[in-house]
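# A look at the structure
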Amino acid sequence: MTGGPDAVLVMGEALIDLVPSPDDPGTHRAQPGGAPANVAAGLARLGTPSWFAGGLGGDGFARLIEERLVSAGTRLDLCARSELPTALAVADPGPDGTGYHFHLQDTATFRLPERTADVGRFGAVYAGGLAAVVAPAAEAVAATARAAAGHRVLVVDPNVRGDRTLDSGSAVRRLRELCALAGILKVSDEDVTALWPGVSPEDTCERLAAENRLVVLTRGPAGSTAFGRESGRVSVPAVPVEVVNTIGAGDAFMAGTLNWLSDAGAFRDGGAVRLSRERAAEMLTFASRVAASVVARSGTEPSRPGAGLGR
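Sequence positions are assigned chain by chain, starting from 1 and proceeding in written order. Totals for whole chains, interfaces and linings use all residues, but because this is a predicted model, local features are given only for residues with pLDDT of at least 70 and pairs of side-chain atoms are given and counted only at 80 or more. Excluding hydrogens and water, the side-chain figures rest on all heavy atoms present in the structure.

## What to know about the pattern of salt bridges
Whenever a carboxyl oxygen of Asp or Glu lies within 4 Å of a side-chain nitrogen of Lys or Arg, that contact is scored as a salt bridge. Scanning all chains against the criterion turns up 15 salt bridges. Notably, a salt bridge pairs Glu-206 with Arg-233, separated by 3.0 Å at the nearest N-O pair. Highlighted residues: Glu-206 in helix α6 (residues 201–209) and Arg-233 in strand β14 (residues 232–236), separated in sequence by 27 residues. For Glu-206, a relative accessible area of 38% corresponds to the partly exposed category. On the basis of relative accessibility, which here comes to 37%, the residue Arg-233 falls in the partly exposed class. Note that Glu-211 and Arg-213 form a salt bridge whose closest N and O atoms lie 2.7 Å from each other. Numbering of helices and strands runs from the N terminus; a helix is a DSSP stretch of H or I covering at least four residues, while a strand is a stretch of E covering at least two. Accessible area is worked out with a 1.4 Å probe on protein chains only. A residue is then buried under 20% of its type maximum, exposed over 50%, and partly exposed in between.

## Describing the packing of aromatic side chains
Stacked, tilted and edge-to-face are the three classes applied to pairs of Phe, Tyr and Trp rings, where Trp contributes its six-membered ring and a pair requires centres within 6.5 Å; stacked means planes under 30 degrees apart, edge-to-face means over 60, and tilted covers the rest. Summed over the entire model, instances satisfying the criterion amount to 1 aromatic pair. Taking 5.4 Å as the distance between ring centres and 65 degrees as the angle between the ring planes, the aromatic pair formed by Trp-51 and Phe-122 counts as edge-to-face. Residue Trp-51 is located in strand β4 (residues 50–53), and its partner Phe-122 is located in strand β9 (residues 122–128); the two are separated by 71 residues in the primary sequence.

## Points about the packing of helix α3 (residues 137–151) against helix α4 (residues 169–181)
Remark: α3 packs on α4, axes separated minimally by 10 Å, with the N-to-C direction vectors making an angle of 20 degrees. Comparing their axes, α4 and α3 come out roughly parallel. For α3 against α4, the interelement crossing comes out left-handed. Counting all contacts with α3, which are made through Ala-138, Glu-139, Ala-142, Ala-145, Arg-146 and Ala-149, the residues of α4 involved are Arg-174, Leu-178 and Leu-181. When residues are sorted by character, Ala, Val, Leu, Ile, Met, Phe, Trp, Tyr, Cys and Pro go into the nonpolar class, Asp, Glu, Lys and Arg into the charged class, and all the rest, Gly among them, into the polar class. Of the residues in the contact of α3 with α4, the class split is 6 nonpolar, no polar and 3 charged. A fitted line through C-alpha atoms serves as each axis, taken over the contacting stretch for helices, and the angle formed by two N-to-C directions is quoted from 0 to 180°. In this scheme, roughly parallel covers angles under 35 degrees and roughly antiparallel covers those over 145, while 65 to 115 is roughly perpendicular and the rest are oblique. Less than a right angle of anticlockwise turn of the near helix away from the far helix marks a crossing as left-handed, whereas a clockwise turn marks it as right-handed. In what follows, a contact means two residues having at least one pair of non-hydrogen atoms within 4.5 Å.

## Examining the nonpolar core
Nonpolar cores were defined as sets of buried Ala, Val, Leu, Ile, Met, Phe, Trp, Tyr and Cys residues, with membership established by side-chain atoms within 4.5 Å. Membership of the largest hydrophobic core comes to 51 residues, with the highest contact counts inside it found for Leu-9, Phe-110, Leu-185 and Val-215. At 6 residues, α3 tops the list of elements feeding residues into this core. Not counting the four nearest positions on each side in its chain, Leu-185 is found in contact with Val-156, Pro-158, Cys-179, Leu-208, Arg-213, Leu-214, Val-215 and Val-216. Of all hydrophobic cores here, the second largest spans 50 residues; its members include Leu-88, Leu-214, Val-216 and Ala-226.

## Brief notes about the side chain of Asp-59
For Asp-59, the position within the fold is in the loop between β5 (55–56) and α2 (60–72). No salt bridge is formed by the buried Asp-59; the nearest opposite charge belongs to Arg-63, separated by 6.4 Å. Nitrogen and oxygen atoms within 3.5 Å of one another constitute a polar contact, given that in protein one can donate a hydrogen and the other can accept it, and given that sequence-neighbouring residues count only through two side-chain atoms. A polar contact is formed between the side chain of Asp-59 and the backbone nitrogen of Ala-62, at a distance of 2.9 Å. Dropping the residues within four chain positions of it, Asp-59 is found in contact with Pro-85 and Thr-86. The charge count treats Lys and Arg as positive and Asp and Glu as negative. His and the chain ends do not count.

## Some details on the pairing of strand β13 (residues 224–228)
Most of β13 is tucked away: 5 of the 5 residues are buried. When DSSP finds two or more bridges between a pair of strands, those strands are recorded as paired. When strand β12 (residues 214–218) meets β13, the two strands line up antiparallel, connected through 4 bridges. Opposite Val-215, over in β13, you have Phe-227 as the bridge partner. Two successive antiparallel strands, β12 and β13, enclose a turn made up of 5 residues, where Gly-220 displays a positive phi of approximately 60 degrees. Hairpin remark: β13 followed by β14, antiparallel, with 3 residues in the connecting loop.

Functional significance is not addressed by these values, which are geometric in nature.
Okay, structure coming up:
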């Protein structure tokens, strides 16, 4: 197995989203998902070498997930495998976003070992999603994140919603600890409000960025903002697009951000923290266009913007 200074190790869950059919809302179709798996596949499709470290089961859903990741170009050398079934997330789209009902227990999805010995082979290590708080994966994710924070760039997306992960005080504690380790932190306004209530998301992000990290805040159709040591606060609007689908948009934005940083060599020597205002705006614009490529159609597979866009 190889890696490299511009490659990304993605640790977390790959599961199946059961999504209402656009032709018949009373039926559901199986769609490979899970925030970390979406990021890993998105990175590979955009051209950044990615390795996925998750748990794959022995059922047909696991084979569907594997086919999706392999076709994207994601490496699966570090996946754990078992004969247990795959976790399911039943999507419930609504006017304020998509809610989920989860079937997580006794699945292969969260049976993954720590990868502390492997983090040194990569320029960046991504952690987040359900695996950060669901046992037994949570301990492995935390151990790997601690190792990555000491050796490489740790990227964290807590990807938290009230219907997903904040069902206990321990979940809040785990996610805050993970965010505190990050060198690059991507959060939505919902994430920040849930984890640090009572303070505006912008003020919280400025505080987090002052601790020598790059923080990216997304607000859906209201655009995104980067907070950095040298760039200060930089905002760009969302890309205007006719919304067909919102599932996976935040993960596509994350993949776009990391792809831009990888291409810029910003995983090396603290480059992400030292972005200028102009470069931070370029990064956000590129990531926004990648996210728009998902929002504009069904599915969660991003595409690269046309030549010169966001660069």
